[in-house]
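# Structural features, examined
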Amino acid sequence: MLRVRALRLLGRRRASGVSVPGSCGPRHCSSGPLGVRDDAPGARAFFTTPIFYVNAAPHIGHLYSALLADALCRHRRLRVPSAAATRFSTGTDEHGLKIQQAAAAAGLAPAELCDRVSAQFQQLFREAGVSSTDFVRTTEARHRVAVQHFWGLLEARGLLYKGLYEGWYCASEECFLPEAKVTRQPGPSGDACPVSLESGHPVSWTKEENYIFRLSQFREPLRRWLRDDPQAVTPEPFRLAVLQWLEEELPDLSVSRRSSHLHWGIPVPGDDSQTIYVWLDALVNYLTVIGYPNAEFRAWWPATSHIIGKDILKFHAIYWPALLLGAGMSPPHRIYVHSHWTVCGQKMSKSLGNVVDPKTCLDRYTVDGFRYFLLRQGVPNWDCDYYDEKVVKLLDSELADALGGLLNRCTANRINPSGTYPVFCANCFPPAPGVAGPSARAQAEDYALVNAVATLPRQVAEHYDNFQIYKALEAVSSCVRQTNGFVQRHAPWKLSWESPVDAPWLGTVLHVALECLRVFGTLLQPVTPSLADKLLSRLGVSATERGLGELFFLPRFYGYPCPFEGRRLGPETGLLFPRLDQSRAWLVKAHRT
Ligand code: MSP
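Residues numbered from 1 in each chain as written. Predicted model: local features only at pLDDT ≥ 70, side-chain atom pairs only at ≥ 80, totals over all residues. Heavy atoms only, no water.

Looking only at helices and strands, one finds 18 helices and 19 strands in the protein chain. A compact globule built from 593 residues should have a C-alpha radius of gyration of about 25 Å, and the protein chain, at 27 Å, falls within 12% of that. Taking the principal axes of its C-alpha atoms as reference, the protein chain extends roughly 95 × 60 × 40 Å. The buried share of the protein chain, taken over its 593 residues, is 59%. In the protein chain, the share of contacts with a sequence separation of at least 24, taken over all contacts with a separation of at least 6, comes to 78%. Surface summary for the protein chain: the accessible area is close to 23300 Å², and the carbon and sulfur share equals 53%. The centroid of the 64 positive side-chain charges in the protein chain is displaced by 2 Å from the centroid of its 56 negative side-chain charges. (Helix = DSSP H or I, 4+ residues; strand = E, 2+ residues; numbered from the N terminus. Rg over C-alpha atoms; globule rule 2.2 N^0.38 Å. Buried < 20%, exposed > 50% of the residue type's maximum accessible area, 1.4 Å probe, protein only. Contact = heavy atoms within 4.5 Å. Areas by Shrake-Rupley, 256 points an atom, 1.4 Å probe, with all protein chains shown as cover. Lys, Arg positive; Asp, Glu negative; His and termini not counted. Charge placed at Lys NZ, Arg CZ, Asp CG, Glu CD.)

What follows is the structure, encoded as structure tokens:
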């Protein structure tokens, strides 16, 4: 019998406060597993969020994880529109000691707690426009089949053995902790109680015979995987963190608990006295949703991108690939890692009473507004701090004033009385400044604008590939500012449709601005789907003209016909995004108190 000691690496659930300097440079990387381009016709892509614990209601951090995955997935659908090419799963993690204890504390049966909280996650994601194609719950029968089959493979391959595990277990983090990660704190009765050094959650000493996975055999294959595919874990600093962990001790992993202690879980096949470790159970959800163990799952594995928070990096980038390799499968295509939201500089927690309710935020700032805020401000490499004023300031300046103002300026009846997409005049805006004729009016900055917007879709795609969605939004926002500058410079409101000299240039200025807006609307669809729909509808862009394949910016400038020229604008003339600081009574109240 083997005594598993010093489980140094096992328990670093919250230990990955990875300090993450800089970000990786832009690299257009669309090649998927086996060098197949991700956006090649027929290529498939499967995106996943982590599955969420049901011990407490969802908060904005959970929503952020889901929105990052949603935006990646929606961007991919713009590249590859076939519905059969992209899959996107989310779900709830319902087993384990943490849930068992939360249910007991709430006086509920575990299944009842799971049903309630899982429904809250489903409701939130529906409201927030998370466009998942699958929702998995680990208490479903299909999941039990998948987990037990996976277990059987590991066992058949000689990768499980029974051994004595002795060490600290933190139920809240559902992981084992080494002695060095445990400290003592005065408990309710004043006694010194052992707690996790990182999270402050209680830990308990566990000594029992468990099934153990031969994790230590996988150090070299894991290193090879990470070295051979430099984007396997993105952004780069997180990949380096994983490589660093692989330099440290990699002890075997306890993968079951005594059922007398943990009954809320999936029994080990053929041994009811043991329950499968919740992390092994949870990770297999990614296979369950694609039909595992039926052969159909092979269409989607390993073309899979996991979106995860930094606290669960070790589980996804060490345990999961090792388990997969052990079961004869490849590691996932990508693991995209993000950092956390804090509130006034502090970790969000129920005990601190600072948890930000995502439902309130969606109601206050609108679904599109709050999606934009989280994805525009959330930087994967660093933690971000949340406060309400920041949301109002950002949305008012970027969505209401800059983008909404631009649309309004260029489509208002006063400036565009015909209500059509104006005609571009090539003599006013010749293909290059050098070939300017007598009617040329475009200036050097105008060419810079055309160049910036023409290259924007590719830049945005590169940022998505590098999991830097905030940079994609920053790039769009910078082009919106540049377009406002263009309109300001040429002051179309001072030009007259009646003047034969002004009219062609007036049409051209508006045409260029609307073309820019068409690009912005198209590129914003993954982040603000309703707002982008409103914008594109106002421009008269039909549903079949909104993909990246159809996005040919300013074709008239390059000598091609423009399908939009002369087309009627959409009838919806309302504000694209009303300012928040004037329209929200709650904000006035918040300022007063
Ligand atoms: N159940 C596990 C995941 C199993 S996946 C096989 C779990 N659940 S969780 O509910 O605790 O966390 C789910 C996701 O929410 C994780 O990606 C986590 O990083 C993320 N977040 C939790 N708090 C967060 C913030 N404060 N900010 C941003 N994301 C955060 O871990």
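So, on to the pattern of salt bridges. What the rule picks out here adds up to 32 salt bridges. Among the ionic pairs, Arg 142 bridges to Glu 140, the shortest N-O distance being 2.8 Å. Residue Arg 142 is classed as partly exposed on the basis of its relative accessible area of 33%. With a shortest N-O distance of 3.4 Å, Lys 162 and Asp 271 are connected by a salt bridge. Of this pair, Lys 162 sits in strand S5 (residues 160-170) while Asp 271 sits in strand S14 (residues 271-276), and the two are 109 residues apart along the sequence. Using a relative accessible area of 11% as the deciding quantity, one classes Asp 271 as buried. A cluster of three or more residues bridged by salt bridges with shared partners is formed by Asp 396, Asp 401, Arg 579 and Asp 581. (Salt bridge = Lys/Arg side-chain N within 4 Å of Asp/Glu carboxyl O.)

Attention now moves to the pairing of strand S3 (residues 86-93). Taking burial as the measure, the eight residues of S3 include eight buried ones, the bulk of the element. Pairing between strand S2 (residues 45-53) and S3: seven bridges, direction parallel. Note on S3: the bridge partner recorded for Ala 45 is Thr 86. Handedness of the β-α-β unit built from S2, helix H1 (residues 60-79) and S3 comes out right-handed. The pairing of S3 with strand S4 (residues 134-137) spans four bridges and is parallel. Each residue of the ladder has a partner; that of Thr 92, found in S4, is Arg 137. (Pairing = 2+ DSSP bridges. Right-handed = clockwise from strand over helix to strand, strands pointing away.)

For the rest of this paragraph, the subject is the packing of aromatic side chains. Counting across every chain of the model gives 32 aromatic pairs. Taking 5.4 Å as the distance between ring centres and 85 degrees as the angle between the ring planes, the aromatic pair formed by Phe 315 and Tyr 319 counts as edge-to-face. Remark: Tyr 319 and Phe 315 occur in helix H9 (residues 313-326); sequence separation between them is four residues, near one turn of the helix. What makes Phe 315 buried here is its relative accessible area of 1%. Taken together, Phe 424, Phe 429, Tyr 447, Phe 552, Phe 557, Tyr 558 and Tyr 560 form an aromatic cluster joined through their ring pairs. A cation over a ring is seen here: Lys 314 above Trp 245, with NZ or CZ 4.3 Å from the ring centre. (Phe/Tyr/Trp six-rings, centres within 6.5 Å; stacked < 30°, edge-to-face > 60°. Lys NZ or Arg CZ within 6 Å of the ring centre and 35° of its normal.)

Here we come to the UniProt feature "domain: Methionyl-tRNA synthetase anticodon-binding" (unreviewed entry) in the protein chain. In this numbering, the UniProt entry assigns the feature "domain: Methionyl-tRNA synthetase anticodon-binding" (unreviewed entry) to residues 443-542. Helix and strand shares over residues 443-542 are 77% and 0% respectively, and the end C-alpha atoms of the span are 32 Å apart. (UniProt positions renumbered as here; feature names shortened; annotations may be inferred.)

As summarised here, the arrangement of the six strands in space is S4-S3-S2-S15-S16-S10, forming an open sheet in which the pairing is parallel. Every other strand in the sheet has two partners, leaving S4 and strand S10 (233-234) as the edge strands with one partner each.

With that settled, the discussion passes to the sheet that holds S14. In spatial order, the strands read S12-S14-S13; together these three strands make up an open sheet with antiparallel pairing. The open sheet terminates on both sides in strands that have one partner only, identified here as strand S12 (256-258) and strand S13 (267-268). In terms of strand pairing, S12 meets S14 through three bridges, oriented antiparallel. Bridging from a neighbouring strand, Arg 258 pairs with Gln 274 of S14.

Note that Gly 507 resides in helix H15 (residues 502-524). When the C-alpha atoms of Gly 507 and Val 130 are compared, they prove to be 39 Å apart, with 377 residues separating the residues in sequence. When sequence neighbours within four positions are dropped, the list of residues in contact with Gly 507 reads Pro 422, Val 423 and Trp 497.

Under the UniProt annotation, "domain: Methionyl/Leucyl tRNA synthetase" (unreviewed entry) lies at residues 46-410. Secondary structure content for residues 46-410 is 41% helix and 24% strand, and the end C-alpha separation is 40 Å.

Following both chains from N to C, one finds helix H5 (residues 219-228) and H9 inclined at 110 degrees, their axes separated by 10 Å at the closest point. It follows that H5 is roughly perpendicular to H9 by the angle criterion. Here H5 contributes Pro 221, Leu 222 and Trp 225 to the contact with H9, which in turn contributes Ala 317, Ile 318, Pro 321, Ala 322 and Leu 325. Here the residues of the contact of H5 with H9 sort into eight nonpolar, no polar and no charged. (Axes fitted to C-alpha atoms, helices over the stretch in contact; angles between N-to-C directions. Parallel < 35°, antiparallel > 145°, perpendicular 65-115°, else oblique. Nonpolar A, V, L, I, M, F, W, Y, C, P; charged D, E, K, R; others polar.)

With 23 residues, H15 extends 33 Å between its outermost C-alpha atoms, agreeing within 8% with the 33 Å of an ideal straight helix rising 1.5 Å per residue. In terms of burial, H15 is a largely internal element, 22 of the 23 residues being buried. (Expected span 1.5 Å × (residues − 1).)

Take the side chain of Glu 208 next. Tracing the sequence through the fold places Glu 208 in strand S9 (residues 204-213). Among the residues examined, Glu 208 registers a relative accessible area of 4% and is labelled buried. A polar side-chain atom of Glu 208 sits 3.2 Å from a polar atom in the side chain of Arg 257. (Polar contact = N/O pair within 3.5 Å; in protein donor to acceptor, adjacent residues only side chain to side chain.)

Attention shifts here to the side chain of Arg 538. Counting through the fold element by element, Arg 538 comes out in helix H16 (residues 529-538). One polar contact links the side chain of Arg 538 to the main-chain carbonyl oxygen of Glu 572, over a distance of 3.4 Å. Each residue touching Arg 538, except ones within four places of it in the same chain, is listed here: Leu 407, Thr 411, Leu 569, Gly 570, Glu 572 and Thr 573.

Take the packing of helix H2 (residues 97-106) against helix H3 (residues 110-127) next. Following both chains from N to C, one finds H2 and H3 inclined at 95 degrees, their axes separated by 8 Å at the closest point. The orientation of H2 relative to H3 falls into the category roughly perpendicular. In this structure, H2 uses Ile 99, Ala 102 and Ala 103 to contact H3, whose residues at the interface are Pro 110, Leu 113 and Cys 114. Residues that form the contact of H2 with H3 fall into these classes: six nonpolar, no polar and no charged.

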